[in-house]
Amino acid sequence: MSGTPSDIKLIDENGIRIDGRKADEMRPLKIEAGVLKRADGSAYLEWGKNKVIAAVYGPRECHPRHMQNPAKAIVQCKYNMMSFSVSDRKRPGPDRRSIEISKIISEALENVVFTENFPRTSIDVYIEVLQANAGTRVAGLTAASVALADAGIPMKDLVPAVAVGKAEGQIVLDLNKEEDNFGSADLPIAMIPRTGEVLLMQMDGHMTMEEVEIALGYAKKACQEIYEVQKDALRRRYAAQAGAVDEDDSSDEEA
Ligand code: UDP
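The rules behind the values
Residues numbered from 1 in each chain as written. Predicted model: local features only at pLDDT ≥ 70, side-chain atom pairs only at ≥ 80, totals over all residues. Heavy atoms only, no water. Pairing = 2+ DSSP bridges. Helix = DSSP H or I, 4+ residues; strand = E, 2+ residues; numbered from the N terminus. Contact = heavy atoms within 4.5 Å. Patch = residues over 30% accessible without salt bridge, like charges linked within 9 Å, V, L, I, M, F, W, Y side chains within 5 Å. Areas by Shrake-Rupley, 256 points an atom, 1.4 Å probe, with all protein chains shown as cover. Salt bridge = Lys/Arg side-chain N within 4 Å of Asp/Glu carboxyl O. Lys, Arg positive; Asp, Glu negative; His and termini not counted. Charge placed at Lys NZ, Arg CZ, Asp CG, Glu CD. Expected span 1.5 Å × (residues − 1). Buried < 20%, exposed > 50% of the residue type's maximum accessible area, 1.4 Å probe, protein only. Phe/Tyr/Trp six-rings, centres within 6.5 Å; stacked < 30°, edge-to-face > 60°. Core = buried A, V, L, I, M, F, W, Y, C linked by side-chain atoms within 4.5 Å.

1. Digging into the pairing of strand β7 (residues 170-173)
Here four bridges tie strand β6 (residues 161-167) to β7, and the two strands are oriented antiparallel to one another. In the sheet register, Lys-166 faces β7, and the bridge partner there is Ile-171. Following β6, the chain reverses through two residues before pairing antiparallel with β7; Glu-168 in that reversal takes a positive phi of roughly 50 degrees.

Take a look at the structure:
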């Protein structure tokens, strides 16, 4: 995050951002659940120019064994950005950033999964970023919680997440890449709309208390919107599954 170069104007005189959005407008979001056959649960998400896939395996035996917790399951998330996901090739393999993001997503998910139901096991969550355009940690978390639900893992609720930030002195919802690079603050946040519980909140840059209030208001409204998209993805998934079962039943009857 650095100062805006003079030739880049992130918000015009009418308050419109470079991708045509207003300050409190989110990029288009699409989620599909159950996209991978081998995984216990999965989800594919497109959010603006971000493309993310999440796969869940487990609860299964925890390896390495010394990580086992006799009282509950552990949630182990691996966030990875493909080399081709960004404009400059990203060096393959884990780095400090991906280790940090994996940790904060694991912790957010551990707070919603009923881990005490599955002692000694591991719930493994893989997040692969195929295309990145800022906000991939919140996109990954949003997809991962749908994948967990798709795996049938009991959890308190889904976890919608979004980043709010500051560009040209204005609070803006769901930062794009230019706003992330040249804006002055980035506040990723995950919130359960039903309870208002915050599961993730990070801050890069500076905001005044008043600006944080505005940002939280934007995040709350957006999380509700994201939550509806998540639920809709699961509804479509289960409707498709029920349709497939009905078809099986009728072919059994015909046989
Ligand atoms: N990015 C990149 N190369 C990298 C890491 C990040 O080009 O090695 C870009 C990518 O578009 C990413 C954005 O910078 O989405 C912002 O990254 P940040 O660390 O703020 O995390 P994110 O906003 O994706 O959660």
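2. Quick word on the environment of Leu-141
Tracing the chain through its elements places Leu-141 in helix α2 (residues 136-150). Measuring from C-alpha to C-alpha, the distance between Leu-141 and Gln-131 comes to 15 Å, with ten residues separating the pair along the chain. Discounting residues that sit within four places of it in the chain, Leu-141 has contacts with Ile-105, Ala-108, Leu-109, Ile-127, Val-159, Ala-161, Ala-190 and Leu-200.

3. Some remarks on a negative patch on the surface
On the surface, a cluster of negative charge is contributed by Asp-246, Glu-247, Asp-248 and Asp-249. Mapped onto the elements of the fold, Asp-249 is located in helix α4 (residues 209-254).

4. Section: α2
Helix length check: α2, at 15 residues, gives a terminal C-alpha distance of 20 Å against a target of 21 Å (1.5 Å per residue), a fit within 8%. For α2, the tally of buried residues reaches 15 of 15 residues, placing the bulk of the element in the interior. Gly-152, located one to two residues past α2, shows a positive phi value of around 75 degrees.

5. Section: the packing of aromatic side chains
In this structure the tally under the stated criterion is one aromatic pair. Here Tyr-57 and Tyr-126 contribute two aromatic rings whose centre-to-centre distance is 5.8 Å and whose plane-to-plane angle is 80 degrees, an arrangement assigned as edge-to-face. Here Tyr-126 lies in strand β5 (residues 121-131) and Tyr-57 lies in strand β3 (residues 50-61), a separation of 69 residues in the sequence. When its relative accessible area of 28% is taken as the criterion, Tyr-126 is described as partly exposed.

6. Some thoughts on the nonpolar core
If you look at the biggest cluster of nonpolar residues, it comprises 64 residues, and the most contacted ones within it are Trp-47, Leu-109, Val-125, Ile-127, Leu-141, Leu-148 and Val-162. In this structure, Leu-109 is in contact with Val-75, Val-125, Leu-141, Ala-144, Ser-145, Leu-148 and Val-159, ignoring residues within four places of it in sequence. Grouped together as the second largest cluster of nonpolar side chains are six residues, Leu-10, Ile-11, Val-172 and Leu-175 included.

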